[in-house]
Amino acid sequence: MRRNWNRRRRNRRLLRTGILVTLVCVMVLFGWGIGYLARELQNSMGKGVYTVAVDAGHGGSDTGAVGVLQESDMTAETAELLTQLLAADPHFRPVATRTDYTATATPAERSTAANRAHPDLLLSIHGNSNGNSADTAGFECYPVTPGRREHDDSMRFAALLVGRMQEAGAAIRGTNGIRYAYYGENDQKTIVDSADDTKRSETTFTILERSRCPAVLAEQCFVTSAADVDAFGDDDGCARAAECYYLAICDYFGVTPHEADSTAASAASAAQ
């Protein structure tokens with residue numbers, strides 16, 4: 001009889017403990033849910049902290065195009081300056097898509113790194129080239145292609161990038177500086193102007209194809225053009241481009257640019 005009573009008492013204790021643990025879990029989940037909703041509400045009101053993935057194209061053993069300078073050097077410098085500008089602004093949390101700029105990482109690996117941070121926006125920085133002509137110059141960018149979930153917002157960001165670069169004096173390639181890139185059989189690349197909004201089955205750049213947020217790949221300047229490098233590829237040029245990118249990101253989220261002094265901002269202002 002006493003054994004049964006002890007067993008019932010032990011069962012009651014276990015039951016109470018189980019109920020307590022369940023309540024704690026529910027409270028934790030409820031608190032997390034409230035926090036998540038609050039952050040989403042803040043973001044929707046333009047008062048949140050936005051995560052921006054900054055992707056420096058190429059790097060490590062992958063030099064990218066080589067001309068007046070090496071593409072990977074230009075993308076690394078610009079990405080670092082842009083990251084500094086974003087980090088100085090309380091509206092943003094910048095995240096890099098590689099562990100360091102000398103590390104070799106494939107576009108697929110960089111996409112995975114970006115998605116892991118759940119970014120609100122991604123900018124992939126690249127340089128263009130034309131080995132047949134040193135006169136070819138200008139800025140162009142590639143948003144997520146038509147038919148993809150993030151296309152409309154990517155297009156909006158692309159237009160803002162073009163606008164800021166144009167204000168800084170960049171020549172704009174094509175009709176409006178915005179193009180789409182497609183890869184067909186045997187990785188044959190096709191580039192079309194953004195006026196052609198046909199929904200295609202071909203994939204685009206991997207960094208855009210795998211992105212889970214609005215994303216744009218920017219061709220900052222032609223590394224094979226001395227004039228273009230002087231404007232947007234050397235130290236001052238990278239600072240100028242980083243400033244344009246930062247302002248376009250602010251435009252995209254509808255926030256006022258941060259006025260805190262920084263090396264990149266100062267260099268960009270002095271170069272203009």
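Each value, and the rule that gives it
- Residues numbered from 1 in each chain as written.
- Predicted model: local features only at pLDDT ≥ 70, side-chain atom pairs only at ≥ 80, totals over all residues.
- Heavy atoms only, no water.
- Pairing = 2+ DSSP bridges.
- Helix = DSSP H or I, 4+ residues; strand = E, 2+ residues; numbered from the N terminus.
- Core = buried A, V, L, I, M, F, W, Y, C linked by side-chain atoms within 4.5 Å.
- Buried < 20%, exposed > 50% of the residue type's maximum accessible area, 1.4 Å probe, protein only.
- Contact = heavy atoms within 4.5 Å.
- Axes fitted to C-alpha atoms, helices over the stretch in contact; angles between N-to-C directions.
- Parallel < 35°, antiparallel > 145°, perpendicular 65-115°, else oblique.
- Left-handed = near helix turned anticlockwise from the far one by under 90°.
- Nonpolar A, V, L, I, M, F, W, Y, C, P; charged D, E, K, R; others polar.
- Right-handed = clockwise from strand over helix to strand, strands pointing away.
- Phe/Tyr/Trp six-rings, centres within 6.5 Å; stacked < 30°, edge-to-face > 60°.
- Lys NZ or Arg CZ within 6 Å of the ring centre and 35° of its normal.
- pLDDT = per-residue confidence, 0-100.
- Salt bridge = Lys/Arg side-chain N within 4 Å of Asp/Glu carboxyl O.

## Observations regarding the pairing of strand β6 (residues 189-193)
With five bridges joining them, strand β5 (residues 179-183) and β6 adopt antiparallel strand pairing. Looking at β6, one finds that Arg179 is bridged to Asp193. Counting the residues that bridge the hairpin from β5 to β6 gives five residues, and of these Asn186 lies at a positive phi of roughly 60°.

## Concerning the nonpolar core
With 45 residues, the main nonpolar core has Leu82, Phe92, Phe139, Phe157, Tyr245, Ile249 and Phe253 as its most contacted residues. The set of elements that each furnish at least two residues to this core consists of β1 (50-56), α2 (71-87), β3 (121-128), α4 (151-167), β7 (215-222), α6 (226-232) and α7 (235-253). Tallying contributions element by element places α7 first for this core, with 13 residues. When sequence neighbours within four positions are dropped, the list of residues in contact with Leu82 reads Val54, Leu123, Ile125, Ala242, Tyr245, Tyr246 and Ile249. Core analysis: the next-biggest nonpolar cluster, separate from the first, contains 14 residues, Leu122, Val144, Ala181 and Ile207 among them.

## A closer look at the packing of α2 against α7
At a closest axis distance of 8 Å, the pairing of α2 and α7 adopts a crossing angle of 45°. The orientation of α2 relative to α7 falls into the category oblique. Every pair of crossing elements has a handedness; the one defined by α2 and α7 is right-handed. Residues Met74, Glu77, Thr78, Leu81, Leu82, Leu85 and Leu86 of α2 form the contact with α7, whose participating residues are Asp235, Cys238, Ala239, Ala241, Ala242, Glu243, Tyr245, Tyr246 and Ile249. Residue classes in the contact of α2 with α7 are distributed as 12 nonpolar, one polar and three charged.

## Considerations on the pairing of β1
The two faces of the sheet receive side chains in turn, since in a regular strand these alternate between them. Burial runs high along β1: seven of the seven residues are buried. Burial of the side chains of β1 extends over both faces: Tyr50, Val52, Val54 and Ala56 are buried on one face and Thr51, Ala53 and Asp55 on the other. For the crossover from β1 across α2 to strand β2 (residues 92-96), the handedness is right-handed. Sheet analysis places β1 next to β3, joined by five bridges and oriented parallel. Counterpart to Ala53 in the pairing with β3 is Leu122.

## A short note on the sheet that holds β2
If you trace the five strands from one edge of the open sheet to the other, you get β2-β1-β3-β7-β4, paired in mixed fashion. With one partner strand each, in any of the chains shown, β2 and β4 (140-143) form the two edges of the open sheet. In this sheet, adjacent strand axes meet at a mean angle of 25° when their direction is disregarded.

## Concerning the packing of aromatic side chains
Under the counting rule described, the total for this entry stands at eight aromatic pairs. An angle of 20° between the planes, with centres 4.1 Å apart, marks the rings of Tyr50 and Phe253 as stacked. Taken together, the residues Tyr50 in strand β1 and Phe253 in helix α7 connect sequence positions 203 residues apart. You can call Tyr50 buried: its relative accessible area is 4%. Arg200 extends its terminal NZ or CZ atom over the ring of Tyr182, reaching a point 4.9 Å from the ring centre.

## Quick look at the confidence of the model for the protein chain
Looking at the protein chain, pLDDT values average 87 and 79% of them are 70 or higher. When the criterion is pLDDT under 50, residues 38-46 qualifies, and its contacts beyond four places in sequence or with other chains add up to eight contacts. A low-confidence stretch, residues 261-272 stays under pLDDT 50, and its non-local contacts, those more than four residues away or across chains, total 16 contacts.

## Describing the pattern of salt bridges
Summed over the entire model, instances satisfying the criterion amount to eight salt bridges. Residue Arg179 pairs with Glu140 through a salt bridge whose shortest N-O separation is 2.9 Å. With Arg179 in strand β5 and Glu140 in strand β4, this residue pair connects regions lying 39 residues apart in the sequence. Its relative accessible area of 3% is what places Glu140 among the buried residues. A salt bridge links Asp251 to Arg164, with the shortest nitrogen-to-oxygen separation between them at 2.8 Å. With a gap of 87 residues between them, Asp251 in helix α7 and Arg164 in helix α4 connect regions that are remote in the sequence. When its relative accessible area of 30% is taken as the criterion, Asp251 is described as partly exposed. One salt-bridge network, held together by shared partners, links Glu140, Arg173 and Arg179.

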